[in-house]
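Below, each chain spelled out in residue letters.
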Amino acid sequence: MDLILWRHAEAEPGDPGTPDAARALTAKGRKQAARMGEWLDRALPGSCRVLSSPAVRTVQTVQALERKFKTHVSLAPGASAAAILEAARWPNAGDPVLVVGHQPALGQVASFLLAGVEQDWPLRKGAILWIAQKDTGAGLVPYIRAALGPDMTGR
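This structure is a prediction, so every number in the text was calculated from the model and none was measured.

Next up on the list: the environment of Ala127. With respect to the secondary-structure elements, Ala127 resides in the loop between α4 (105-115) and β5 (128-135). When its relative accessible area of 5% is taken as the criterion, Ala127 is described as buried. Residues Ala127 and Leu148 lie 21 residues apart in sequence; the distance between their C-alpha atoms is 5.6 Å. Contact partners of Ala127, with chain neighbours within four places excluded, come to Leu5, Trp6, Arg7, Met36, Leu148, Gly149 and Pro150.

Take a look at the structure:
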């Protein structure tokens, strides 16, 4: 199974009168999402399942991919690494899964899968971390297939 973690693009700063989940992307964030969405559309198989946090900034980010997606409340800000892995059905989903979410949870998922310890690994706004698995004969071992920021997509 491949698990692609996509952190939402740059969002407006928080406003005391606005809920965190209502924060929208900035103009820069919309450009970041468009660049990464184009790259992902070329790289992802058609069978990839796409899940997003229901927060406005993640929905706006994933919309740049121009594929069907489902929002999942367990991916909302404050989500745990365990909740993300459960929503993605790691490691047993047959097809790749793209998760559009938030820090620090995405970094915690990455550190848990790759290092076996849940830590706050940073993931830049608008960036992806593509984790795949390889059969070593002794079992499946996760590895980084791609790590890419929106400024590195060649566009």
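Having seen the model, we can carry on.
Attention now moves to the sheet that holds strand β1 (residues 3-7). Judged by pairing direction, the sheet is mixed, and its six strands sit side by side in the order β3-β2-β4-β1-β5-β6 without closing on themselves. On the outer flanks of this sheet lie β3 (70-71) and β6 (140-148), each paired with one strand and no other. The sheet contact formed by strand β2 (residues 49-52) and β3 spans two bridges and is parallel. Bridge pairing links Leu51 to Lys70 in β3. Docked against the sheet, helix α3 (residues 81-88) engages β1, β2 and β4 (97-101), running at close to 150 degrees with respect to β2.

Counting buried positions along α4 gives eight out of 11 residues, so the element sits mostly inside the fold. Within α4, the full set of buried residues consists of Ala105, Leu106, Gly107, Gln108, Val109, Ala110, Ser111 and Leu113. As for α4, its buried residues are in contact with β1, α3, β4, β5 and β6. Gly116 occupies a position one or two residues after α4 and carries a positive phi of about 80 degrees.

What follows covers the packing of α3 against α4. Running from amino to carboxyl end, α3 crosses α4 at an angle of 75 degrees, the nearest separation of the two axes being 8 Å. By the criterion of interaxial angle, the relationship of α3 to α4 is roughly perpendicular. From α3, Ala81, Ile84 and Leu85 reach across to α4, where they touch Ala105, Leu106, Gln108, Val109, Phe112 and Leu113. Per-class residue counts for the contact of α3 with α4 are eight nonpolar, one polar and no charged.

Further remarks concern the packing of aromatic side chains. Across all of its chains, the model carries one aromatic pair by this definition. Ring centres 6.3 Å apart and planes at 90 degrees place the aromatic pair Trp39 and Trp130 in the edge-to-face group. Separated by 91 residues along the polypeptide, Trp39 in helix α1 (residues 27-43) and Trp130 in strand β5 bring together distant segments of the chain. In terms of burial, Trp39 and Trp130 fall into one category: buried. We note Arg145 situated over the ring of Trp130; from NZ or CZ to the ring centre the distance is 4.5 Å.

Within the fold, His102 resides in the loop between β4 and α4. Judged by relative accessible area, His102 falls into the buried class, the value being 5%. Discounting chain neighbours no more than four positions away, the residues touching His102 are His8, Ser53, Ala55, Arg57, Thr58, Leu75, Ala76 and Pro77.

The subject of this paragraph is the nonpolar core. In terms of nonpolar packing, the biggest core is built from 24 residues, with Leu3, Leu5, Ile84, Val97, Val99 and Val109 touching the most fellow members. Going through the elements one at a time, β1, α3, β4, α4 and β5 are the ones with two or more residues in this core. Leave out the neighbours within four places in its chain, and Leu3 touches Leu85, Ala88, Trp90, Val97, Val99, Val109, Leu113, Leu129, Trp130 and Ile131. Among the nonpolar cores identified, the runner-up in size contains 16 residues, and Leu44, Leu98, Ala146 and Leu148 belong to it.

Reading the values: rules and limits
Residues numbered from 1 in each chain as written. Predicted model: local features only at pLDDT ≥ 70, side-chain atom pairs only at ≥ 80, totals over all residues. Heavy atoms only, no water. Helix = DSSP H or I, 4+ residues; strand = E, 2+ residues; numbered from the N terminus. Buried < 20%, exposed > 50% of the residue type's maximum accessible area, 1.4 Å probe, protein only. Contact = heavy atoms within 4.5 Å. Pairing = 2+ DSSP bridges. Axes fitted to C-alpha atoms, helices over the stretch in contact; angles between N-to-C directions. Parallel < 35°, antiparallel > 145°, perpendicular 65-115°, else oblique. Nonpolar A, V, L, I, M, F, W, Y, C, P; charged D, E, K, R; others polar. Phe/Tyr/Trp six-rings, centres within 6.5 Å; stacked < 30°, edge-to-face > 60°. Lys NZ or Arg CZ within 6 Å of the ring centre and 35° of its normal. Core = buried A, V, L, I, M, F, W, Y, C linked by side-chain atoms within 4.5 Å.

The values are spatial; any link to function lies outside them.
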